[in-house]
Amino acid sequence: MQLIVLSGVVAIPIPLILFGFDTGFQRVWLLSNWLFQYFLSYVISILILSGRFIVERAMGYPNMPGSDAQAEDGSAEQGFLARLPIEYHGARLYAVSAEDHYLRVHTDRGSALILMRLTDAMRELAAADGLQTHRSWWVARAGISKTKGAGSRTSLVLKSGLDVPVARARAKRVREGLL
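Residues numbered from 1 in each chain as written. Predicted model: local features only at pLDDT ≥ 70, side-chain atom pairs only at ≥ 80, totals over all residues. Heavy atoms only, no water.

Undergrad: Looking at this structure, how should I read the overall build of the protein?
TA: When helices and strands are tallied, the protein shows 7 helices and 8 strands. Counting across all 179 residues of the protein, residues that qualify as buried make up 34%. Expressed as a percentage of contacts within the protein between residues at least 6 apart in sequence, the contacts between residues at least 24 apart total 37%. Split by element, the accessible area of the protein, about 11300 Å² in all, is 58% carbon and sulfur. (Helix = DSSP H or I, 4+ residues; strand = E, 2+ residues; numbered from the N terminus. Buried < 20%, exposed > 50% of the residue type's maximum accessible area, 1.4 Å probe, protein only. Contact = heavy atoms within 4.5 Å. Areas by Shrake-Rupley, 256 points an atom, 1.4 Å probe, with all protein chains shown as cover.)

Here it is as structure tokens:
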């Protein structure tokens with residue numbers, strides 16, 4: 001239904017522009033000619049938007065209803081990764097770290113920056129299996145390769161090889177959360 005309505009709206013200005021250029025914006029337009037041009041524009045719009053829908057669905061775009069990435073687990077992680085460029089959609093989330101006003105999102109496909117606060121990201125990832133290790137880090141359990149150090153010098157190593165700091169105040173909770 002949305003495809004039909006959107007195509008109808010997109011097709012409105014195209015005949016007007018075509019007639020404007022064709023007549024030099026001076027002649028009187030016949031309604032029958034405009035309706036014919038509108039119909040052609042409408043059909044072309046439906047074809048283009050349908051093609052886009054098919055390509056996005058085939059690529060596993062996470063926010064598409066019925067897409068594989070959403071049906072896979074419908075997880076908070078996949079919803080969060082939908083904010084990233086399309087090459088990160090469907091990736092495995094390892095960690096999120098704060099950098100000034102941005103977040104660096106670490107995945108198995110690399111990392112990317114997004115404009116978002118860490119508190120908002122953690123609220124969005126509340127249903128995900130992960131924990132906050134530091135005031136500027138959130139880590140997914142699935143992204144942890146091993147722990148390093150002990151006591152106040154604890155850190156986590158992600159599957160990508162990146163070291164993640166663990167705050168002294170959170171070290172006990174992180175160790176308990178990992179076991």
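Okay, back to it.
Undergrad: Would you take a moment to explain the pairing of strand β1 (residues 93-99) for this structure?
TA: It is a general feature of regular strands that their side chains alternate between the two faces of the sheet. The buried fraction of β1 amounts to 5 of the 7 residues, a majority that puts the element mostly inside the structure. Bridge analysis of β1 against strand β2 (residues 102-107) gives 6 bridges, and the strand direction is antiparallel. Opposite Ser97, over in β2, you have Arg104 as the bridge partner. Here β1 hands over to β2 after 2 residues, with Asp100 in that stretch at a positive phi of 55 degrees. One ladder, built from 3 bridges, connects β1 with strand β5 (residues 137-140); its direction is antiparallel. (Pairing = 2+ DSSP bridges.)

Undergrad: Whenever I open this one, the pairing of strand β4 (residues 130-134) confuses me. Can you help?
TA: Pairing analysis gives 4 bridges linking β4 to β5, with the strands arranged antiparallel. Note that in β5 the partner of Gln132 across the bridge is Trp138. The turn joining β4 and β5, which pair antiparallel and follow one another in sequence, is formed by 2 residues.

Undergrad: How should the packing of aromatic side chains be read in this particular structure?
TA: What characterises a pair of aromatic rings is the spacing of the ring centres plus the angle enclosed by the ring planes. All chains considered together, the criterion is met by 1 aromatic pair. Between Tyr38 and Tyr42, the ring centres sit 6.2 Å apart and the planes meet at 20 degrees, which makes this aromatic pair stacked. Within this pair, Tyr38 and its partner Tyr42 are both found in helix α3 (residues 31-58), separated by 4 residues, close to a single helical turn. (Phe/Tyr/Trp six-rings, centres within 6.5 Å; stacked < 30°, edge-to-face > 60°.)

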